[in-house]
Amino acid sequence: MDHFLYRDGALHAEGVAIAALAGDVGTPFYCYSTATLERHFTVFSDGLKPLDPLVCYAVKANSNLAVLATLARLGAGADVVSEGEYRRALAAGIPGQKIIFSGVGKTRAELAFALENDVRQINVESEPELDALNQVAVSMGQRAPVSFRVNPDVDAKTHEKISTGKAENKFGIAYDDAPRIYARAATMPGIEVVGIDMHIGSQLTDLAPFREAYTRMRALVERLEADGIPVPRLDIGGGLGVPYERTNEMPPLPTDYGKVVQEVFAGWEDREFECEPGRLIAANAGILVAEVIYVKRSGDRRFLILDAAMNDLIRPALYDAYHDIVPVIEPAPGTPTYEYDVVGPICESGDTFAKARALPELKAGDLVAFRSAGAYGAVMSSEYNTRPLAPEVIVRGDDFALARPRPTYDDMLGKDRIPDWIDPA
Ligand code: LLP
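Residues numbered from 1 in each chain as written. Predicted model: local features only at pLDDT ≥ 70, side-chain atom pairs only at ≥ 80, totals over all residues. Heavy atoms only, no water.

Draft legend 1. Representation of the site of the ligand. Neighbouring the ligand are 18 residues, the closest being Ser202, Glu276, Arg279, Arg315 and Tyr376. One of the side-chain N or O atoms of glutamate 276 is found 2.6 Å from a nitrogen atom in the ligand. At 2.8 Å from a nitrogen atom of the ligand is found a side-chain nitrogen or oxygen belonging to tyrosine 319. Burial of the ligand by the protein chains amounts to 91% of its free accessible area of 590 Å². Of the residues that constitute the shell around the ligand, the class distribution is six nonpolar, six polar and six charged. (Near = heavy atom within 4 Å. Polar contact = N/O pair within 3.5 Å; in protein donor to acceptor, adjacent residues only side chain to side chain. Areas by Shrake-Rupley, 256 points an atom, 1.4 Å probe, with all protein chains shown as cover. Nonpolar A, V, L, I, M, F, W, Y, C, P; charged D, E, K, R; others polar.)

Take a look at the structure:
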């Protein structure tokens, strides 16, 4: 459930009319709902209640400071994958002790930054990274708290570009190498082994791969502990999918996911659990609002040309992702629909949001909203075609605030430098 509903025939974010926001900040823009962020965080946490995990929100899904600060006030930790994200989590008030540093290619400088900033745990993904971290920690007179991301070789049955838990993927240490690598790490002066981590992919709509991965995780921990290596913390990753296509898609509910986790880890309730959900918290807490620039008829096709483009929301172009598109003015019941190809202005055929999408008749100047755009939307946007990044607005009840303004053209051009060997024009 989210808080983007029609009220008196017009789409609202909680108590704020989307059309009023468009008048205020211009289009395209992202809009987030505080109540939805809070609800998703709470529902997810409640689903795992008996294990009482530290929910480390995956910052990559939506790293706006307003979003992070909203979640931080609910007690969220953060899962970060770069120094930049680490700095964002700190700036939003998440202490280092609640920050997990993940990622397959952390640099030495990033590892040092994490150690300087009281990191909770570094999820190490390879032996070269382990060696580098050991050296960095020793040079700083510290012991780095380490969990290993173990690749369980499980098929997550999701889009190939966001599947991470198969042996052929670049992520984690191989399952069969884990006992040897854990034993080695236990002898290293700069390393303190604190746990184990798994993350098998994103937008999972089936619970079976989770069950399989967690069962393998439990077996591995039992084996390591039999070898005399304690593994007190279990980081069960993120990846639970959300409904993008509301009418015929029903991914498992967080409570069903929670049941699987509790079943697999029955009897282990007094261990320390952590998780890293991103999309489930943020996706349906955000929309992207755009204006129709033109409606073009070409043969028997209708193109809806928007002022948003693939630089604002790249998921359809990159993953063939589906996003619901709804008019901001509620269509009256029984309004006929037409098939539109919904596109942006960029000179690439890939700049297509949807093909043959049934929508009521729309005209230039009308507003539409892409639903479920709160995760991997704004964070993946770019200035391609020198298009300004869409601003981000956050709503709470009847209030709204600009969480990131639209850059000006001067801001954008001012970032470039012409070398002084070129004569001034
Ligand atoms: N933990 C790790 C180590 C991850 O790599 C990810 C996501 C997460 C947690 C959070 O997964 P989530 O709960 O959000 O599924 N850009 C793609 C999604 C990429 C996900 C990458 N890793 C998209 O737009 O679908």
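Once you've had a look at it, read on.
Draft legend 2. Local environment of a nonpolar patch on the surface. Side chains of Ile418, Trp421 and Ile422 sit close together on the surface and give an oily, nonpolar patch of about 430 Å² of accessible area. What makes isoleucine 422 partly exposed here is its relative accessible area of 44%. (Patch = residues over 30% accessible without salt bridge, like charges linked within 9 Å, V, L, I, M, F, W, Y side chains within 5 Å. Salt bridge = Lys/Arg side-chain N within 4 Å of Asp/Glu carboxyl O. Buried < 20%, exposed > 50% of the residue type's maximum accessible area, 1.4 Å probe, protein only.)

Draft legend 3. Looking closely at helix H3 (residues 65–72). Where burial is concerned, most of H3 is hidden: six out of the eight residues are buried. Listed in full, the buried residues belonging to H3 are Val67, Leu68, Ala69, Thr70, Leu71 and Ala72. Buried-residue contacts for H3 involve strand E4 (29–33), helix H2 (34–47), strand E5 (54–58), helix H4 (83–91), helix H10 (279–282) and strand E20 (392–396). With a side-chain oxygen lying 2.8 Å from the backbone nitrogen of alanine 66, the N-terminal cap of H3 falls on asparagine 64. (Helix = DSSP H or I, 4+ residues; strand = E, 2+ residues; numbered from the N terminus. Contact = heavy atoms within 4.5 Å.)

Draft legend 4. View of the packing of aromatic side chains. Tallied over the full model, the rule gives twelve aromatic pairs. Put simply, the rings of Phe44, Phe210, Tyr214, Tyr257, Phe265, Trp268 and Phe273 touch in pairs and so form one group of aromatic residues. If you follow lysine 106 out to its NZ or CZ, it ends over the ring of phenylalanine 101, 5.9 Å from the centre. The ring centre of tyrosine 175 lies 3.9 Å from the NZ or CZ of arginine 216, which sits over that ring. (Phe/Tyr/Trp six-rings, centres within 6.5 Å; stacked < 30°, edge-to-face > 60°. Lys NZ or Arg CZ within 6 Å of the ring centre and 35° of its normal.)

Draft legend 5. Here's a closer look at the sheet that holds strand E3 (residues 16–17). Read from one edge of the open sheet, three strands run E1-E2-E3, paired in antiparallel fashion. Looking at the sheet topology across the chains shown, the edges are occupied by strand E1 (4–7) and E3. Here E1 pairs with strand E2 (residues 10–13) via four bridges, running antiparallel. Across the sheet, the residue bridging to phenylalanine 4 is alanine 13, located in E2. (Pairing = 2+ DSSP bridges.)

Draft legend 6. Seen up close, the pattern of salt bridges. With the rule as written, the count across this model stands at 23 salt bridges. The salt bridge partner of glutamate 272 is arginine 120, with a shortest N-O separation of 3.0 Å. Pair noted here: glutamate 272 is in strand E13 (residues 272–275) and arginine 120 is in the loop between helix H5 (108–116) and strand E8 (121–124), with a separation of 152 residues, a long-range link. Here arginine 120 falls in the buried class, since its relative accessible area comes to 10%. A salt bridge links aspartate 131 to arginine 184, with the shortest nitrogen-to-oxygen separation between them at 2.5 Å.

Draft legend 7. Highlighting the environment of tyrosine 340. Relative to the elements of secondary structure, tyrosine 340 occurs in strand E17 (residues 337–343). Classification of tyrosine 340 as buried rests on a relative accessible area of 0%. Taking the C-alpha atoms as reference, tyrosine 340 lies 36 Å from leucine 68; in sequence the two are 272 residues apart. Setting aside its immediate chain neighbours within four residues, tyrosine 340 contacts Val295, Arg302, Leu304, Ala354, Lys355, Ala356, Arg357, Leu359, Pro360, Glu361 and Leu362.

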